Amino acid sequence: MQIHVMKHLVVLFFILVLSSSVKAQIENTSSQTQSEFMTQSKPKLVVGIVVDQMRYDYLTRFYNKYGEGGFKRMVKEGYNCKNNHFNYVPTYTGPGHTSVYTGTTPKYHGIISNNWYDKQIKAMVYCTQDDSVQSVGTMDISGKMSPKRMKTTTFGDENRLFTQMKGKTIGISVKDRGAILPAGHTANGAFWFQGKEEGNWISSTYYMDKLPKWVTDFNTAGWAKKYLKVWNTLYDIKLYSESGSDLNDFEGGFVGKETATFPYDLNALKDRNGGYEIIKATPYGNSLTADFAIAAIDGEQLGQDNITDILTVSFSSTDYVGHNFGVNSKEIEDTYLRLDLDLERLFKALDEKVGYGEYTVFLTSDHGAIEVPSYLQSLKIPAGYLDNIKTRQNLDMFMRATYKAGDLIENISNDQVFLNRAKIKEMHLDLDDVQEAIVNELITYDHIDKVYSAETMNTSSFTTGVEELLQKGFNQKRSGDVIMVADPGFISYNKTGSTHGSAFNYDTHVPLLFFGKGIKHGETLQKTEITDIAPTISALLSISFPNGCIGSPLSFVLD
Ligand SMILES: [Zn+2]
């Protein structure tokens, strides 16, 4: 009882102290200008971190092996949204990064995939490809990139507008799309990694005419070269009890090494694996990203005044490792244990350079990944592989038999069928009828579980399940005429390694952690969606929401 009374007294004391300090603050503001008051309550820097292909369970499965300064620091000091999901398909990298920063889905932002069939020019296009700009820092075409296909603004764009273009935005990732899409249309710079014989960070004339001095200094200092070394496990491999055996039938590996087992001599393997490209496919790609991000804080003077800057960092090597070795591999476990140390290094640099409590960080992913289906099969869980070539052949046969024409289908990609609309018109066929006939044909194929027409997507309103996710991923202007959904556990991929793209939990459930200035400590199992991140950061900064934003601020996260 006495302890109870004491508790009440302590609480009362704090309420009194707090209310008097709030009163003092209000009185103080009368002598301050409005803008001083506004900027003082905001973080000097917001750091958005996307860990490419990070499933939610990577946070929990490896938790006991993480150090105190990386993932655990975010959990222990910040807010953990444990039931955070993608709310559209396809769950790919380009759409994922775009949705995190725009607070909307492919239906509105238009990044419907990484590569898609462009109905107007009748060719495949890449999400950040831009032939109207030039590479900066390389002669290779890998710099001819911009965010022009993204239709909506990011919270970085809104922060630029709000601050009269004084708040900077910088985007960084070894993957071009991981750097470009998060940073938005008005970014001061986006930088990505050119492997092959170069091993340099590059950009495009969309942002600048030549690389800033800090970037060329970084490139000439040989940071990439030092990672062409032996990749062995961080700790004794016997301690890696949270993943499968190192030697198994479910992993890819590198060209030039017979088994997908530790150790990997990157210097010896580089010539047959894309030169410096091999770094991207190991945890050292993440280390190099952290090195470069820390250099950017100094080089761009991020978070050095009261006008909020935005730094977007994507750790993409986790995705390459997952695709190659699968989600249950020793290689994945080692990659996350090492990423944890890179995060610790980055947070320490932020404490030092921006100041403890002066910046805000969020961490999420652009999609999850499936357990290797051949592994699931070995455990009697329904899973398997779709044969896209056979699907195409069967559908072509059906179209010839039904319409006596061999060229009614222009393209099948990303589980969507694109019809030859000119030919349909010429043959006086009804577009809706042709779509519906294909729906009724495809649904009879093995392991195709659902099929919908564009007409259905345009005229129905789905509010639950896979159908809702399909609709939020469906862009009337850019998407196809018919959409297929495979059975859970079924993918179009090699029989080794993991992939992603579906509306199922293994692809939609990803971590969402916030910490730093303006963030409460806590956790929730309440469902949050990927499109809630951008409005939450916008609310934290008191700026306009991105123009296509459909999410809601997570008020319980904010102080
Ligand atoms: Zn990705």
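Draft legend 1. Representation of the nonpolar core within the structure. The biggest cluster of nonpolar side chains holds 88 residues, and the ones touching the most others in it are Ile49, Phe71, Trp201, Tyr336 and Leu350. Among the elements that take part in this core, helix α14 (residues 330-355) stands out by supplying ten residues, more than any other. In contact with phenylalanine 71, not counting residues within four places along its chain, are Met54, Leu59, Tyr66, Tyr336, Leu339, Asp340, Leu343, Leu363 and Leu513. Among the nonpolar cores identified, the runner-up in size contains 25 residues, and Val46, Ile543, Val557 and Leu558 belong to it.

Draft legend 2. Layout of the coordination of the zinc ion. Looking at the metal site, the zinc ion is ligated by Asp52 (OD), Thr93 (OG1), Asp366 (OD) and His367 (NE2), spaced 2.0 to 2.1 Å from it. The coordination sphere of the zinc ion comprises four donor atoms, whose angles at the metal cover 95 to 135 degrees; the geometry is irregular. Given the relative accessible area of 0%, aspartate 52 is considered buried.

Draft legend 3. Looking closely at unusual backbone geometry. For the bond running from valine 89 to proline 90, omega is 5 degrees, close enough to zero to count as cis. By the secondary structure assignment, proline 90 is in the loop between β3 (84-85) and α5 (93-102). Here the amide bond leading from phenylalanine 262 into proline 263 is cis, since omega sits at -5 degrees, within 30 degrees of zero. Mapping proline 263 onto the fold places it in the loop between β10 (230-231) and β11 (264-265). Positive phi, close to 70 degrees, is recorded for lysine 380, a residue that is not glycine. Summarising the element assignment, lysine 380 is placed in the loop between α15 (373-378) and β14 (384-385). Here aspartate 415, not a glycine, exhibits a phi torsion of approximately 60 degrees, which is positive. In this structure, aspartate 415 sits in the loop between β15 (409-413) and β16 (416-419).

Draft legend 4. Seen up close, the confidence of the model for the chain. Across the chain, pLDDT averages 94, with 93% of residues at or above 70. Low pLDDT, under 50, characterises residues 9-32; the stretch is placed with three contacts to residues that sit more than four places away or in other chains.

Draft legend 5. Inspection of the sheet that holds β16 at higher detail. The four strands are arranged β15-β16-β18-β17 in an open sheet whose pairing can be described as antiparallel. Every interior strand has two partners, whereas the edge strands, β15 and β17 (448-453), have only one. On average, each strand axis in the sheet is tilted by 20 degrees relative to the strand beside it, whichever way the strands run. Against the sheet, helix α16 (residues 388-403) makes contact with β15 and β16, and its axis sits at roughly 155 degrees relative to β15, the strand it touches most.

Draft legend 6. Main features of the side chain of aspartate 366. Residue position: aspartate 366 is located in the loop between β13 (359-364) and α15. For the buried residue aspartate 366, which engages in no salt bridge, the nearest side chain bearing the opposite charge is lysine 175, 5.2 Å off. Here glutamine 53 takes part through its backbone nitrogen, which lies 3.0 Å from a polar atom of the side chain of aspartate 366. A polar side-chain atom of aspartate 366 sits 3.4 Å from a polar atom in the side chain of serine 365. Beyond its immediate chain neighbours, meaning those up to four positions away, aspartate 366 contacts Val50, Val51, Asp52, Gln53, Phe86, Tyr92, Thr93, Gly96 and His97.

Reading the values: rules and limits
- Residues numbered from 1 in each chain as written.
- Predicted model: local features only at pLDDT ≥ 70, side-chain atom pairs only at ≥ 80, totals over all residues.
- Heavy atoms only, no water.
- Core = buried A, V, L, I, M, F, W, Y, C linked by side-chain atoms within 4.5 Å.
- Buried < 20%, exposed > 50% of the residue type's maximum accessible area, 1.4 Å probe, protein only.
- Helix = DSSP H or I, 4+ residues; strand = E, 2+ residues; numbered from the N terminus.
- Contact = heavy atoms within 4.5 Å.
- Donors = N, O, S within 2.8 Å, 3.2 Å for Na, K, Ca; no water.
- Tetrahedral: all angles 85-135°; square planar, octahedral: opposite > 155°, others 65-115°.
- pLDDT = per-residue confidence, 0-100.
- Pairing = 2+ DSSP bridges.
- Axes fitted to C-alpha atoms, helices over the stretch in contact; angles between N-to-C directions.
- Lys, Arg positive; Asp, Glu negative; His and termini not counted.
- Salt bridge = Lys/Arg side-chain N within 4 Å of Asp/Glu carboxyl O.
- Polar contact = N/O pair within 3.5 Å; in protein donor to acceptor, adjacent residues only side chain to side chain.

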